[in-house]
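The primary structure of each chain is shown beneath.
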Amino acid sequence: MAATWLKDAVFYEIYPQSFYDTNGDGIGDINGIIEKLDYIRGLGCSALWINPCFDSPFKDAGYDVRDYKKVAPRYGTNSDLYRLFGEAHRKGIRVLLDLVPGHTSEEHAWFRESQRAEKNEYSNRYIWTDFCFQGARNLPYIGGESERSGTYILNFFKCQPALNYGFLNPEESWQLPADHPDAIATREAMKDVMRFWLDHGCDGFRVDMAASLVKYDDERKSATSAIWRNVREMLDAEYPEAAMVAEWSEPKLALRAGYDMDFYLNNPGNGYSTLMRDYGMPSAEREDNSYFRRDARDRDICRFLETYLDWYRDTKDLGYISMITCNHDTVRPRFNLDEREMKLAYAFIFTMPGVPFLYYGDEIGMRYQELPTKEGGYFRTGSRTPMQWAPGKNLGFSTGCADSLYLPVDPAPDAPTVAEQEQRPDSLLNTVRALLALRHREEDLQADAAFEPVCTEKGQPFVYRRGKLLIGVNPSGETLTCAMRAEGMKPVYALGSVKNGADSLTMGPQSFAVLKAE
Ligand code: NOJ
């Protein structure tokens with residue numbers, strides 16, 4: 001059973017480096033998040049996901065954790081984070097931290113111990129082969145860096161040795177079975193980290209690479225899922241309102257493994273990418289067939305629905321699929337969508353079942369920047385630039401000097417800001433606020449209410465039912481009609497024009513509407 005507060009939750013993802021700097025050192029901090037809680041609540045968000053804010057050498061922006069229980073000094077102290085939990089709760093906001101269970105930094109004390117030639121408590125905490133020239137089947141590995149004779153397996157970048165949760169079907173002497181006491185010790189160590197933060201007031205975790213624990217645990221992920229179910233048992237017994245969202249994007253597996261939510265990520269072939277990012281990798285010359293582009297060449301919502309409906313129907317009684325506007329690994333929507341197109345895309349995302357996530361800055365349409373890589377960001381760096389609060393110095397992000405900033409702020413003269421968009425009733429920011437307020441008002445727009453497509457034909461608006469509400473979206477530049485009975489229904493929210501007659505629903509160019517029976 002999912003945590004009850006998720007039913008009407010809307011998350012705001014914060015990349016802490018870039019949100020708000022209160023001490024003028026050019027990098028965002030925990031106190032900056034505390035100062036902006038009213039802004040976040042005012043948007044209509046009721047929960048936060050904060051990217052890793054723990055001690056780290058930052059070779060992968062903090063996804064290389066050196067100490068799971070210590071806030072990175074650049075963001076503040078543990079006490080600051082405890083204060084954030086308290087202040088957020090007072091304002092009705094929950095806080096999820098980012099748990100990175102698949103790997104640590106190569107500078108973590110466990111790894112240092114594990115590298116030693118003498119056997120010790122941490123020798124099996126990571127996956128080591130037993131000879132300095134021996135690798136592992138298809139897993140990336142590193143040799144020649146340790147006094148121990150063996151190579152170690154990587155989970156992602158070179159700086160991220162894989163923690164050892166064992167192998168599903170061990171093939172070599174150095175591969176532990178998943179029920180080996182040392183593999184179980186890794187799981188218990190991660191539960192200890194979770195308890196530490198939950199005891200201090202955090203409300204749960206976004207879990208990095210949730211599918212990556214047990215190796216060679218191929219398609220069915222049975223052994224990795226068993227670990228998560230064990231974690232879920234602990235949460236149910238000790239922290240029943242704690243929530244977990246998986247970075248997995250296989251909700252049939254993740255929700256059965258005990259997760260409350262699973263992200264619908266921008267992975268090729270799963271349909272999500274066809275909505276806003278149907279252009280391959282960012283490049284100057286591209287053909288863009290995104291569903292929400294006004295000029296999409298071959299608009300077809302079925303490309304999204306094919307996977308979505310399969311997942312949704314299979315998992316709706318187990319937990320939630322989380323639709324995202326973007327995240328720190330994904331190109332911002334503003335890269336290829338204009339303001340109107342973003343409004344329609346967000347209107348769709350915020351009226352879907354499950355628990356939506358808004359990435360900081362997307363509410364004002366922050367641009368994707370072409371930048372050199374920072375902290376292992378590579379192309380992702382462009383989506384991680386400082387939040388744009390107001391015109392003027394560093395766009396209100398920091399009082400520090402411009403060249404001390406974590407990343408440069410958008411240099412464009414028309415860089416969008418919160419302050420400017422506050423003034424315009426029809427700005428993207430105010431549209432996001434109106435949409436989220438609507439979602440909170442109408443129970444049928446929230447996580448649990450049923451979803452059923454009504455009209456999915458090409459050349460017609462996409463129309464879907466959520467509970468008793470009827471919702472239509474027409475991203476094209478033409479007026480489109482769909483034959484259906486929508487008589488007697490009144491729009492409770494509309495962008496553009498909508499007309500519903502006895503036997504048809506007509507939607508003007510680039511329009512969206514939520515209709516309710518009188
Ligand atoms: C997924 C995270 O979202 C990403 O930013 C990170 O680089 C990898 N996992 C490795 O932890």
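Fair warning: this is a prediction, and the values are worked out from it, not measured in the lab. (Residues numbered from 1 in each chain as written. Predicted model: local features only at pLDDT ≥ 70, side-chain atom pairs only at ≥ 80, totals over all residues. Heavy atoms only, no water.)

Considering the pattern of salt bridges
Rule in force here: What makes a salt bridge here is a side-chain nitrogen of Lys or Arg within 4 Å of a carboxyl oxygen of Asp or Glu, nothing more. Secondary structure elements are taken from DSSP: a helix is a run of H or I of four residues or more, a strand is a run of E of two residues or more, and numbering for both begins at the N terminus. The buried label goes to any residue with under 20% of its type's maximum accessible area, the exposed label to any with over 50%, and the partly exposed label to all in between, with areas taken from a 1.4 Å probe on protein chains only.
Inspection of the entire model under this criterion finds 42 salt bridges. Arg-66 serves as the salt-bridge partner of Glu-107, at 2.6 Å between the closest nitrogen and oxygen. Here Glu-107, found in the loop between β5 (94-99) and α4 (109-114), pairs with Arg-66, found in the loop between β3 (54-55) and β4 (67-71); they are 41 residues apart in sequence, far enough to count as distant. The exposure class of Glu-107 is partly exposed, given its relative accessible area of 26%. With a shortest N-O distance of 3.2 Å, Lys-516 and Glu-442 are connected by a salt bridge. Residue Lys-516 is located in strand β20 (residues 511-517), and its partner Glu-442 is located in the loop between α12 (428-441) and β13 (451-455); the two are separated by 74 residues in the primary sequence. On the accessibility criterion, Glu-442 (11% relative accessible area) is buried.

Notes on the domain arrangement of the protein chain
Quick reminder of the rule: For the domain bounds, the source is a domain assignment made automatically or taken from a database. Any pair of residues with heavy atoms lying within 4.5 Å of one another is described as a contacting pair. Defined here as a combined quantity, buried area equals the accessible surface (1.4 Å probe) lost by two parts on assembly, summed across both. Counting of polar contacts relies on pairs of N or O atoms within 3.5 Å, with two restrictions inside protein: one atom must be capable of donating a hydrogen and the other of accepting it, and residues adjacent in sequence are counted only when both atoms are side-chain atoms. By the convention adopted, Pro, Cys, Tyr, Trp, Phe, Met, Ile, Leu, Val and Ala count as nonpolar, Lys, Arg, Asp and Glu as charged, and the other residues, Gly among them, as polar.
As assigned here, the protein chain comprises domain 1 (4-100 + 183-443), domain 2 (103-164) and domain 3 (450-517). Using C-alpha coordinates to define each centre, domain 1 is positioned 29 Å away from domain 3. Taken together, the contact between domain 1 and domain 3 spans 28 residues of the former and 25 residues of the latter. Taken together, the two surfaces of domain 1 and domain 3 that pack against each other cover about 2300 Å², and 64% of this comes from carbon and sulfur. Linking domain 1 with domain 3 are three salt bridges. The salt bridge partner of Asp-298 is Lys-458, with a shortest N-O separation of 2.9 Å. Seen at the junction of domain 1 and domain 3, the total is nine residue pairs in polar contact (both at pLDDT 80 or more). Counted by class, the side of domain 1 that touches domain 3 contains 16 nonpolar, two polar and ten charged residues.

A short note on the side chain of Asp-262
Applied cut-off: In this charge count, Lys and Arg are treated as positive and Asp and Glu as negative; neither His nor the chain ends contribute.
Mapped onto the fold, Asp-262 is located in strand β10 (residues 261-263). It is Arg-206 that comes nearest to the buried, bridge-free Asp-262 among opposite-charge side chains, at 9.0 Å. At 2.7 Å, the side chain of Asp-262 and the backbone nitrogen of Glu-250 are in polar contact. Setting aside its immediate chain neighbours within four residues, Asp-262 contacts Val-245, Ala-246, Glu-247, Trp-248, Ser-249, Glu-250, Pro-251, Ala-254, Leu-255, Tyr-320, Ile-321 and Ser-322.

As for the packing of helix α5 (residues 181-199) against helix α6 (residues 222-238)
Two quantities define a packed helix pair, namely the angle between the helix axes and the distance between the axes. Applied cut-off: Note on geometry: axes are C-alpha line fits, over the in-contact stretch for helices, and angles between N-to-C directions span 0 to 180 degrees. Crossing handedness is read from the near helix: turned anticlockwise from the far helix by less than a right angle, it gives a left-handed crossing, and turned clockwise, a right-handed one.
It is at 11 Å that the axes of α5 and α6 come closest, and there the two elements cross at 35°. Of the two possible hands of crossing, α5 and α6 adopt the one that is right-handed. Packed against α5, whose contacting residues are Arg-187, Glu-188, Lys-191, Met-194, Arg-195 and Leu-198, the element α6 presents Ile-227, Asn-230, Val-231, Met-234, Leu-235 and Glu-238 at the interface. Considering only residue class, the contact of α5 with α6 consists of six nonpolar, one polar and five charged.

Remarks on the environment of Phe-348
Of note, Phe-348 is situated in helix α10 (residues 339-349). Under the relative-accessibility criterion, Phe-348 is labelled buried at 0%. Along the sequence, Phe-348 and Met-276 sit 72 residues apart, while their C-alpha atoms lie 11 Å from each other. Non-local contacts of Phe-348, meaning those with residues more than four positions away in its chain, are made with Leu-275, Phe-292, Phe-304, Met-323, Phe-462, Tyr-464 and Phe-512.

A few points about the nonpolar core
To keep it simple, the criterion reads: Here, nonpolar core refers to any group of buried Ala, Val, Leu, Ile, Met, Phe, Trp, Tyr and Cys residues whose side-chain atoms link them within 4.5 Å.
Ranked by internal contacts, the top residues of the largest apolar core, which has 146 residues, are Leu-6, Phe-11, Tyr-12 and Phe-512. For Leu-6, the contacting residues outside a window of four places in its chain are Phe-11, Ala-243, Asp-260, Met-261, Tyr-320, Val-355 and Ala-447.

A short note on the packing of aromatic side chains
Note the threshold: In this scheme Phe, Tyr and Trp rings, the latter by its six-membered ring, pair at centre separations within 6.5 Å, and the angle between planes marks the pair as stacked below 30 degrees, edge-to-face above 60, and tilted otherwise.
Evaluation of the coordinates by the stated rule reveals 47 aromatic pairs. For the pair Phe-19 and Tyr-360, a centre-to-centre distance of 6.4 Å together with 90° between the ring planes defines the contact as edge-to-face. Remark: Tyr-360 occurs in the loop between β12 (357-359) and α11 (418-423) and Phe-19 occurs in the loop between β1 (11-14) and α1 (30-35); sequence separation between them is 341 residues. For the pair Phe-19 and Tyr-360, a shared accessibility class is recorded, and that class is buried. Taken together, the ring pairs in this structure connect Tyr-264, Tyr-272, Tyr-291, Phe-292, Phe-304, Tyr-308, Trp-311, Tyr-312, Phe-348, Phe-451, Phe-462 and Tyr-464 into an aromatic cluster.

As for α12
How we decide: Expected helix span is taken as 1.5 Å per residue step, with the number of steps being one fewer than the number of residues.
The terminal C-alpha atoms of α12 lie 20 Å apart, and with 14 residues this matches the ideal 20 Å at 1.5 Å per residue to within 8%. Summarising burial for α12: ten of the 14 residues are buried, a large majority. All of the buried residues in α12 are Leu-428, Leu-429, Asn-430, Thr-431, Val-432, Arg-433, Leu-435, Leu-436, Leu-438 and Arg-439. Looking at the buried residues of α12, the elements they touch are α2 (37-43), α10, β12, α11, β17 (489-495) and β20.

A short note on the site of the ligand
The line we're drawing: Near is defined per residue: the residue qualifies when any heavy atom it owns lies within 4 Å of the molecule or strand. Reported accessibility uses the Shrake-Rupley method at a 1.4 Å probe radius. Residues are deemed covered only where the shown protein chains occlude them.
Taken together, 13 residues form the shell around the ligand, and within it Asp-60, Asp-208, His-328, Asp-329 and Arg-380 come nearest. Between the ligand and the protein, one listed contact pairs an oxygen atom with a side-chain N or O atom of His-103 at 3.1 Å. Here a nitrogen atom of the ligand sits 2.8 Å away from a polar atom, N or O, in the side chain of Asp-208. Burial of the ligand by the surrounding chains reaches 98%, relative to a free accessible area of 300 Å². When its residues are assigned to classes, the shell around the ligand shows three nonpolar, three polar and seven charged.

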